Structure formats: C-alpha cells, structure tokens
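Coordinate inspection notes
Residue-level listing of the chains:
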Amino acid sequence: MQPLNSLLLHTRDYHRTIDGQGEETPISVFGTWELSLQQALEQCQDEKATVDFVTGVAFFNNLDIRMEMFKAAFERTQEPLDWMGLFTIDDEWDEYEYQDTVTALAELSLIQYRNFDEIPGEDDLEEGISSHSFSFHPLVRDWIQLRIPASERRVYVRRALEILRYYIESSGADYQKWTLKERRAAMSHIDACIETQSKYVRGWSDEEYRATRDPLIVIQKLYADDGRYSEAEAVCRQILDHDRKLKGESSQEFVESEIRLAGIHLLRAQFNEAEGILTRLRPDVERYPAEMSISLLKNLAKTYFKLGRYDEALQLYLDVLARQETCLPKGDLSIIDTRHLLAQVYRNQGKHKEAIDFYMEILDVYHAAALDDHLGALQCMVDLAGAYRALAQYSQAAEYYDRAIAGISARLSADHPIALSTRLVRAINLRELNRIEEAEDAFRDTVERFGRILGSFHQDTLRAIMNFAILYDRTNRPERAEELYRAALTGREKIMGFDNQYTMRTVERLVSLLWSQDRCDEAETLALRALRAQRKSSLEEEMRSLSIRKDDGNDEKRLYWPVEALFTRAVERDRKWENPTRQTVV
C-alpha cells in the first residue's frame, strides 16, 4: 500500500482527468478518503488483498456493483484472484464473509452498501437488484483509480474484463438467468470497463492480449445481442487488429474474427460488406474447423436472404443444417435456430403453411426444454404470427404478437432492435385489422426509435417508414404517403441498389400513388427508370428465379419482375381513359 504522501503525486493527475469545469476538489477530501482506507485496513486480516479488492472494483461502473460478479469469476476461473480469498471458507464462496468486508468499507464512507435483509418491505429483489450491491461516489472511484501508478491500471482493466467475461457466461444461454435490470447493470459495467481500457491502455502486449482475447469476444457478443452494434463492431475490430498482428491474416483466429465482423455488418444492414468478406473466405471453407465453417455459411445464407436471394439462402441453410446434425446433439439450440431461418425463407417464398409447420415444431422443442421465454422461442412466435398475417388470419396473428411482445418486453429494453421489430410487425397487423389510430401511433413510435437507434438508412428503419407510408396511402392522405415513400425509396436505393426487389416494391407503391393523382409523367419516368435498372441487372447477371405459389397450390419457377405491376396499372389507366365511365380500381 502506498503511504499518504504518494497520494499527492497523483492529485495533479486526478485534476487533469476531471472535465476541467468548475472548481477542483480540495486535496483535503482525498486525504480524508485515504485515511478512511487506512482505517479499513487496520481492521482487516489481509491488507494487500483488501487494497486489491477496493482497487479492482473501481474499474467497473460506480453503481450497482454486485457480489454475483465476483462469485461467478471465483467459481469459473482456474486461478482465482488472490483477494477472492477474503470471501471464502474452505475454498467455498461465503457471502457472509463478503458482507462483513463491504459493511466495514461502508461504515467508513468509502462505499454505499445496500443490504435488503435490513430493509422491511423492500421488494427490489424481485426486480433484479442484488441482495449484496454497493456503489461508489464517482469521485471516490476516480480517486481509487488514480492513486495507483499508471502502469498498474492496465492490470486492473484486464482483470475487470476477465471478471465480466465469467459473469456474462454465468447468465446462461441467451442470458436467461438475468432479469432486465441485471442485464442493464451488466451493460453499465461493460461500458465503464471499455472506457477505462481506452483511457489507460493504448495497446495490449502479446501476453496481455492472450489473456484478454476471450473476454473481449464475450463482451463483443453481448454488445451485438443487446443491439449495440457500433460498440460491438469497435470491439470486434480491436480483436481483429490484434489477431492480425499476433497471428497473421492466414491464421484461424483472424478468419474467425472476420466471420464475426461479417455478422455485425449483417446486423447493421451492411450487406455488401458482409458478402464481400464471406465470399472471399468461402473457397477455403472445408479447411476450417466445423464450427467456423458453419458460422461462415450461415452468415452468408443470412446475407443472401436479406438481399432477397431466397433460393441461394435455402440451399446454404440446408447445407448448414446437414453439417450441424453431424457434429451437434439432437435438439441443440444452434440446429433449432437454423430450422427457424429455413422457415423464414419458406415464408418469404410464399410457402406460409410449410413455414407454420416449421414454427410449430420449433416452439414445441423450446417448450419441451422449458425454454418458452428464450428469445429464440419469442422470435419464432413473432414469425409464426407473421405467417398467419400473410394468410390474412389477422386475429390469430394478433394473439401471437401480443404474447411475444409480453415476453420480449420482460427480457429486453424498449429500444432493443428485436423489441422494435416486434412492435413494427404488430403495427402492420393493426393496420390490416383496420385499427388505424393504434397502428398510426405504433408506426410513428417505431420509426422514431429505429431512426434514433439504428440510423435513418438501416433496413429496419426503412421498412418501418415504408409500412407507415402504406397506412397513409390507404387512409387517403397522399401527401404524407408520398413523403414517406420517397424517404423509403431514397434509403433503399442507397443501401440495396435500385434494382433490388425491396426498392422495386417501393417504386411500385409510389408509382401507383402518382398515377392515382393523374401525375402520369412523373409515374412513367420512375417506372421507366425501374425498367432500365432491371434490364441492366439482367444483362450483368442472370435474373434470380423465385418460387411463386399458383392458385392451384403448385409452385412455379419464373423470373421475378416487380415492374409487371406497373405495366398492369398503366394498361388499366389507358383503358380508363378510353372508357371514362368504367370504374377501375388502382
């Protein structure tokens, strides 16, 4: 432990790290805290371990520091940190030993400790507040970080990352052991730890990175699963850069990181970037371990699906499923997820009844495993509702949407992309049920939230804008509808190209609206532009063929030309002009 006068050496450093706004904290305050720490050490059996504990916890967020974080690390690591011995008896974690230590620190005003056993009627435990949760004042936390030499801070950052890794892993599959409050608290500690890393660690040494890589991978995945895509990408690129430096671009580690980066590009609707990485890696797919090969092919299938290339996606998913069934136990959640993705392809190909059968089977598997609240099960329920909606069974769809939203709201924040997507498809269903006011409020909310969270040009934002425009169109508000159609068209052309089928669907709707207002020149200009774009695309690459469901129930393979609808409407318009008394529905 450093003597009191060593604190003065770091006081100037402390002042530089504060915002630079307002008055500086008097040195006497730091001295008081140092004396409080000295008193705490006099009462403990192991001074070094106590200092290490107090210093280590200062590298997390200052609020809601939970005993479960340290207990998970103790139980999962092969080499527990020395200070964890403060809280063990006969090599077993003892919460009373932990409670005694933090209570002593709280009595000296270094921390604020909440023990709900002593608070009659306290019900926060049911909402996910730990029974052994304590907090620092932000200035105390900063002081503790800065009272140690700069060279030691990177050690504590690395240890904090390792503790968070074990805590995240202890939450179980899909983080289902965490309540929403616990998940938010965990994210606050991750944010704080990543911030201190950027502040105190300019770069990891090779030895440090070997110990840090796995924690960073786990944190990157949680960021992605929590809808924090920009943060996930930043961590992933950090891992990628170190893998390149340490192992080289031909190494398994580097390729594995590239596949993860492609997955993040997918989540951010950066489909060209994802496809570029995955198609470059695909020729060597058989050289990689089974898990990496499956991840590569599965991400590529997702990319094809997002680009509307359903036949290619279907073949890849079938390949992935065959590979998984040879190396994973029956009923593994990874296999269930692939079957779910297959069902989505069938649904988008118009095979709604086949998709419904898949969804029902998948939900049965989740139910048999007592995982009805698993996010995979809840998302499957959302897609099942979508299949019923496609069959115009709106009331049945509404039932499944409501059940899914209730489950997702208990697991994820209101701004999580999965929660937003669920509310969007429910808004579409409300529109089909002619519950216009409810649908309008829901569309307005999802468009605003998607734009704020994912950006104006994300595919999900544009989908919300497009469906909001359809609502205005159907309720005879053409000016608002046109404004939103044009916003959706601009965005879809920017991220997917003009000849993409989703862009073409927006063109169809906008052209129809323009024709209905007798703005024929504008409509024809836009339609001809669409025709030229598709003709150019067909010359560069053979047009994709889609399975189209015929009236007799059989599938027919034919080229998909969205502008057929434009041509049909043009013919109807001409006939209307030839016979003004004839009523034509456009």
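Predicted model only: the values in this text are computed from it and were never measured.

Considerations on the packing of aromatic side chains
Remark: the centre distance and the inter-plane angle together describe each pair of aromatic rings, the angle taken between the planes. Applying the stated criterion across every chain yields a total of 23 aromatic pairs. Measuring from centroid to centroid gives 5.1 Å for Phe53 and Trp83, while their planes differ by 50°, and the two rings are tilted. Taken together, the positions of Phe53 in helix 3 (residues 47-57) and Trp83 in the loop between helix 4 (67-76) and strand 2 (88-89) put the pair 30 residues apart, joining distant regions of the chain. No difference in accessibility class separates Phe53 from Trp83, as the two residues are buried. Grouping aromatic residues by their ring pairs yields a cluster made of Phe53, Phe60, Phe70, Phe74, Trp83, Phe87, Trp93, Tyr98, Phe134 and Phe136. In this structure, Arg529 packs its charged tip against the face of Phe498, placed 4.0 Å from the ring centre.

Concerning a negative patch on the surface
A surface patch of like charges, here negative, comprises Glu75, Asp90, Asp91 and Glu92. Tracing the backbone shows Asp91 in the loop between strand 2 and strand 3 (92-93).

Focus on the environment of Glu440
Turning to its location among the elements, Glu440 is positioned in helix 20 (residues 436-454). Leave out the neighbours within four places in its chain, and Glu440 touches Phe468, Leu471, Tyr472 and Arg477. Among the polar contacts listed, one links the side chain of Glu440 to the side chain of Arg444, at a separation of 2.8 Å.

A few points about helix 17 (residues 375-390)
Between its first and last C-alpha, helix 17 extends 23 Å over 16 residues, near the 22 Å set by a 1.5 Å rise per residue. When you tally the buried positions in helix 17, you get 14 out of 16 residues, the bulk of the element. Two residues or fewer past helix 17, Ala392 is found with a positive phi of approximately 65°.

So, the packing of helix 12 (residues 271-281) against helix 13 (residues 290-306)
The geometry of helix 12 relative to helix 13 is characterised by a closest axis approach of 10 Å and an angle of 140° between their N-to-C directions. Relative to helix 13, the element helix 12 is oriented oblique. Crossing angle aside, the handedness with which helix 12 passes helix 13 is left-handed. On helix 13, the residues touching Phe271, Ala274, Glu275, Leu278, Thr279 and Leu281 of helix 12 are Leu296, Asn299, Leu300, Thr303, Tyr304 and Lys306. Each residue belonging to the contact of helix 12 with helix 13 can be placed in one class, and the counts come to seven nonpolar, three polar and two charged.

Comments concerning helix 22 (residues 478-496)
When the terminal C-alpha atoms of helix 22 are compared, their 26 Å separation across 19 residues agrees well with the 27 Å that a helix rising 1.5 Å per residue should span. What helix 22 keeps buried is the set Ala481, Glu482, Leu484, Tyr485, Ala488, Leu489, Gly491, Arg492, Ile495 and Met496. The positive-phi residue at the C-terminal boundary of helix 22 is Gly497, with phi of around 95°.

Scoring rules and cut-offs
Residues numbered from 1 in each chain as written. Predicted model: local features only at pLDDT ≥ 70, side-chain atom pairs only at ≥ 80, totals over all residues. Heavy atoms only, no water. Phe/Tyr/Trp six-rings, centres within 6.5 Å; stacked < 30°, edge-to-face > 60°. Helix = DSSP H or I, 4+ residues; strand = E, 2+ residues; numbered from the N terminus. Buried < 20%, exposed > 50% of the residue type's maximum accessible area, 1.4 Å probe, protein only. Lys NZ or Arg CZ within 6 Å of the ring centre and 35° of its normal. Patch = residues over 30% accessible without salt bridge, like charges linked within 9 Å, V, L, I, M, F, W, Y side chains within 5 Å. Areas by Shrake-Rupley, 256 points an atom, 1.4 Å probe, with all protein chains shown as cover. Salt bridge = Lys/Arg side-chain N within 4 Å of Asp/Glu carboxyl O. Lys, Arg positive; Asp, Glu negative; His and termini not counted. Charge placed at Lys NZ, Arg CZ, Asp CG, Glu CD. Contact = heavy atoms within 4.5 Å. Polar contact = N/O pair within 3.5 Å; in protein donor to acceptor, adjacent residues only side chain to side chain. Expected span 1.5 Å × (residues − 1). Axes fitted to C-alpha atoms, helices over the stretch in contact; angles between N-to-C directions. Parallel < 35°, antiparallel > 145°, perpendicular 65-115°, else oblique. Left-handed = near helix turned anticlockwise from the far one by under 90°. Nonpolar A, V, L, I, M, F, W, Y, C, P; charged D, E, K, R; others polar.

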